[in-house]
Amino acid sequence: MLKEFREFITKGNVLDLAIAVVMGAAFGKIVSSLVNNIITPLIGILLGGVNFASLSFTVGKAVVQYGEFVQAVIDFLIISFAIFMFMKIANSLIRKKQANEEEVLEAVPASEQYLKEIRDLLQKNARQDETS
């Protein structure tokens, strides 16, 4: 059982997932700081300093504090929009890079491309012969 667990833990997918979780937590801190320290105060200025967190109403003896919920929804929308904009910019940069790479590949004549592929295959075969 211990051997199986070690194999499971050392698989690439698990390590990739662990790295993604850590990176996601770090990115979450950045986005939370952006929302709490920059965007929310600016929205507060635009709305005249309205504090949603203190909104509530009373029903009988119960106090319904809906302001925290409203604030959480607003925070969610702001965070979602910030992530959307980040991904939009990142995807745009990735598309530009791919377009540049395609232009470079198109600029190389097909005969050179074939010669490079043949060279790479010969090098790969030579390495395999050395290890055998």
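A.B. asks: Please clarify how the overall build of the protein should be interpreted in this entry.
C.D. replies: Secondary structure summary: the protein contains four helices and two strands in total. In the protein, the succession of α and β elements from N to C terminus is α-α-β-β-α-α. Taken over C-alpha atoms, the radius of gyration comes to 27 Å for the protein, far larger than the 14 Å a tight globule of 132 residues would show. Taking the principal axes of its C-alpha atoms as reference, the protein extends roughly 85 × 55 × 20 Å. The buried share among the 132 residues of the protein stands at 6%. By sequence separation, contacts in the protein at least 24 residues apart represent 35% of the contacts at least 6 residues apart.

A.B. asks: Can you walk me through a nonpolar patch on the surface in this structure?
C.D. replies: Taken together, the side chains of Leu2, Phe5, Phe8 and Ile9 present a nonpolar region at the surface, about 430 Å² in accessible area. The residue Phe8 is located in helix H1 (residues 2-10) in this model. A relative accessible area of 45% means that Phe8 is categorised as partly exposed.

A.B. asks: So what exactly am I meant to see when it comes to the environment of Leu34 here?
C.D. replies: Tracing the backbone through its elements, the reader meets Leu34 in helix H2 (residues 12-46). Distance in space between the C-alpha atoms of Leu34 and Ile78 is 9.6 Å, their sequence separation being 44 residues. Not counting residues within four places of it along the chain, the set of residues in contact with Leu34 comprises Ile39 and Ala82.

A.B. asks: Can you walk me through the environment of Ile43 in this structure?
C.D. replies: Locating Ile43 in the fold gives a position in helix H2. For Ile43, a relative accessible area of 28% puts it in the partly exposed group. Put simply, Ile43 and Leu115 are 72 residues apart on the chain and 60 Å apart in space, counted from C-alpha to C-alpha.

A.B. asks: Can you walk me through the packing of aromatic side chains in this structure?
C.D. replies: Where two aromatic rings form a pair, the distance of their centres and the angle of their planes describe that pair. Enumeration according to the criterion identifies three aromatic pairs in this entry. Plain terms: the ring middles of Phe27 and Phe86 are 5.2 Å apart, the flat faces sit at 45° to each other, and that makes the pair tilted. Of this pair, Phe27 sits in helix H2 while Phe86 sits in helix H3 (residues 67-107); the two residues are 59 residues apart in sequence, bridging distant segments of the chain. On the numbers, 6.5 Å between centres and 35° between planes, the contact of Phe81 with Phe84 is tilted. Here Phe81 pairs with Phe84, and both are found in helix H3, just three residues apart, close to one helical turn.

Each value, and the rule that gives it
Residues numbered from 1 in each chain as written. Predicted model: local features only at pLDDT ≥ 70, side-chain atom pairs only at ≥ 80, totals over all residues. Heavy atoms only, no water. Helix = DSSP H or I, 4+ residues; strand = E, 2+ residues; numbered from the N terminus. Rg over C-alpha atoms; globule rule 2.2 N^0.38 Å. Buried < 20%, exposed > 50% of the residue type's maximum accessible area, 1.4 Å probe, protein only. Contact = heavy atoms within 4.5 Å. Patch = residues over 30% accessible without salt bridge, like charges linked within 9 Å, V, L, I, M, F, W, Y side chains within 5 Å. Areas by Shrake-Rupley, 256 points an atom, 1.4 Å probe, with all protein chains shown as cover. Salt bridge = Lys/Arg side-chain N within 4 Å of Asp/Glu carboxyl O. Phe/Tyr/Trp six-rings, centres within 6.5 Å; stacked < 30°, edge-to-face > 60°.

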